[in-house]
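Residue-level listing of the chains:
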Amino acid sequence: MSEPLVRIRGLKKAYGIHLVLQGIDLDVHSGEKLCLIGPSGSGKTTLLRCVNWLEEPTGGEILIDGAPIGTVAKGGRSHRMSDVELARMRAGIGMVFQRFNLFPHLTVLENVMLGPVRVLGAGRAEAEATARGLLAKVGLSEKVAAYPDRLSGGQQQRVAIARALAMKPKLMLFDEPTSALDPELVGEVLAVMRQLANEGMTMIIVTHEMRFAETVADKVVFMADGLIVEEGPPARIFRDPQVERTRAFLSAVEHRV
Amino acid sequence: MMDGAVVTPEMLLYLLRTLLIGAGATIWLTAASLVVAVVLGFGLALMRLSDSKVLQGIARVYLEIFRNIPILTQLFVIYFGLSRYGIMLPATVAATLGFGLNGASMLSEVFRSAILSVDRGQREAGLAIGLTSRQAFRLLILPQAARTAIPPIGNYAIGLLKDTSLASAVAVPEIAMRAKMLVAETYLSTEIYMMVAVVYLALSLPLARLTALAERRFSPHRSAA
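Remember, predicted model here, so these are calculated numbers, not experimental data.

Draft legend 1. Region of interest: the overall build of chain B. Counting its secondary structure elements, chain B contains eight helices and zero strands. In chain B, the succession of helices and strands from N to C terminus is α-α-α-α-α-α-α-α. For a compact globule of 225 residues, the expected C-alpha radius of gyration is about 17 Å, and chain B comes in at 22 Å, more than 25% above that figure. Taken over 225 residues, chain B has a buried fraction of 44%. Sequence separation of 24 or more characterises 75% of the internal contacts of chain B that already satisfy a separation of 6 or more. Each charge sign in chain B was given a centre, from 19 positive and 12 negative side chains, and these centres are 12 Å apart.

Encoded structure:
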């Protein structure tokens, strides 16, 4: 198989003496959809946030397209990347947050245009055309001039997806994108994500939506206590989990209704 | 002038004109002090929020000194105190410096808390689309912090406008100083101080209105993209 788009080796993250990630090895190939599941506190979100260095790992390394993120080797030693170098790498990695984090002082259109204009140096006309196209794609053409506080949670999250896509990322990170939504709004966001998956986007998704994970993921990773407990194709993880811990988690999730 | 003399319209006009000349000095002093306070206060807030312990320490010491000494004392120290060391500042400059340095300590706290009040997720979302820390601060944090900071800045400006009457103690010819001189000249203290009250009101009400307008301008509106 070809070089993975994301290669994670020995990743550790500690807050004080508390080890949140205890050594994670994981590969994500181009076009792959990977779902991270597990109980809260298992480290899934921290793992995701390490991939674009919003969280600085304590140990291990992450390669994006073969290049280490966060550190650069200079004279045989590894140094922290400069703010500008790190920003350049992050520009190619889209991220969607649980709480949307739209920019409240900008319109929907401006939210989507900000990255292309300020980071990619796109002209306003070009950036606006791209932004309008993406907003049409997520079904929000009529909301371009609105401010985020006028939108429902589901609409805000779709704008957030468009904002990330405007940077033409080679990888998209989703951090529990539907967890802050009212139940009736979950579907519209998952539909956009499903469409994105069908178009071949590489996606790492932290989610509690097991049905979604089962139907969209190429690979499901179950984490607990900062370790990967089990990973494999969704059919196997959901229908025939090999580890007791996975079984216990899945049956608890299924019976929560 | 005799006690109980009739107050002529000409006399009232003379009083008003003199007070309005003083109002010019009051406005000038308020505006200049506000500029010093905003610029220096913003710098101090950035120092407090920086990673450097040294800068943080300097800003803290500054804050405690200027916040905890009465403004009148600060004016005396700057105007009379410095002159002993050969630094003779014109009264208006000394007063501007006094109010500005004092105001910077208060506004630095306003700016600092406004910046800290912006949700952490805003910076993260900015970094995630590839902005540098600096860009995220300028394009995302500052505009949102400004919205929070404008009402307290407006309140401070109105307070400052009234406090500039203290500058009469170091002989700045602003409203209060003019009033004192007019009272000594005409003994019409009631008329004069009524007029003073009206002049101050006429200055501070538009300032309150201006604050409200500025606040509206910064609430969801305007572009940064």
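Now that the structure has been shown, we can carry on.
Draft legend 2. Just the interface of chain A and chain B, in detail. Of the residues lining the interface, 28 residues belong to chain A; the matching set on chain B comes to 28 residues. Here chain A meets chain B over a buried area of about 2,400 Å², counting both sides, of which 59% is carbon and sulfur. Broken down residue by residue, the surface that chain A buries against chain B is led by F103, H105 and R118 of chain A, which jointly contribute 26%. For the pair chain A and chain B, the number of links is one salt bridge. Where chain A touches chain B, the interface holds seven residue pairs in polar contact (both at pLDDT 80 or more). Secondary structure elements with two or more residues in the side of chain A that touches chain B: helix 2 (83–90), strand 8 (93–96) and helix 3 (108–118) of chain A. Looking at which element gives the most residues to the side of chain A that touches chain B, the answer is helix 3 of chain A, with five residues. Here the side of chain A that touches chain B is composed, by residue class, of 16 nonpolar, four polar and eight charged.

Draft legend 3. Region of the structure containing the side chain of E55 of chain A. Residue and element names in this part refer to chain A. Along the chain, E55 falls in the loop between helix 1 (44–51) and strand 4 (59–64). We classify E55 as buried; its relative accessible area is 15%. Here R49 takes part through its side chain, which lies 2.9 Å from a polar atom of the side chain of E55. Not counting the four nearest positions on each side in its chain, E55 is found in contact with K13, Y15, T46, R49 and C50.

Draft legend 4. Looking closely at the layout of surface pockets. Its volume calculated, the largest pocket comes out at about 940 Å³. Looking at the largest pocket, it is lined by 26 residues, and the ones nearest its centre are D51, R123, L127, S133 and F137 of chain B. For the lining of the largest pocket, the secondary-structure elements that each account for two or more residues are helix 2 of chain A together with helix 1 (9–49), helix 4 (91–117), helix 5 (120–128) and helix 6 (133–163) of chain B. Looking at which element gives the most residues to the lining of the largest pocket, the answer is helix 6 of chain B, with five residues. A class-by-class count of the residues in the lining of the largest pocket yields 13 nonpolar, three polar and ten charged. For the second largest pocket, the lining is made up of 16 residues, of which R99, F100 and N101 of chain A together with D119 and G121 of chain B are closest to its centre. Among the residues making up the lining of the second largest pocket, the classes are represented as four nonpolar, six polar and six charged.

Draft legend 5. Representation of the environment of L188 of chain B in the model. Residue and element names in this part refer to chain B. Along the chain, the position of L188 falls in the loop between helix 7 (175–186) and helix 8 (189–218). The sequence separation of L188 and T96 amounts to 92 residues, and the corresponding C-alpha distance is 30 Å. Non-local contacts of L188, meaning those with residues more than four positions away in its chain, are made with V7, M11 and L15.

Definitions and cut-offs
- Residues numbered from 1 in each chain as written.
- Chains lettered and ligands numbered in written order.
- Predicted model: local features only at pLDDT ≥ 70, side-chain atom pairs only at ≥ 80, totals over all residues.
- Heavy atoms only, no water.
- Helix = DSSP H or I, 4+ residues; strand = E, 2+ residues; numbered from the N terminus.
- Rg over C-alpha atoms; globule rule 2.2 N^0.38 Å.
- Buried < 20%, exposed > 50% of the residue type's maximum accessible area, 1.4 Å probe, protein only.
- Contact = heavy atoms within 4.5 Å.
- Lys, Arg positive; Asp, Glu negative; His and termini not counted.
- Charge placed at Lys NZ, Arg CZ, Asp CG, Glu CD.
- Buried area = accessible area lost by both parts, 1.4 Å probe.
- Salt bridge = Lys/Arg side-chain N within 4 Å of Asp/Glu carboxyl O.
- Polar contact = N/O pair within 3.5 Å; in protein donor to acceptor, adjacent residues only side chain to side chain.
- Nonpolar A, V, L, I, M, F, W, Y, C, P; charged D, E, K, R; others polar.
- 1 Å grid on protein atoms, 1.4 Å probe; cavity = no way out; pocket = protein on both sides within 12 Å on 5 of 7 lines; lining within 4 Å.
- Points joined across faces, edges and corners; volume = space filled by probe spheres on them.

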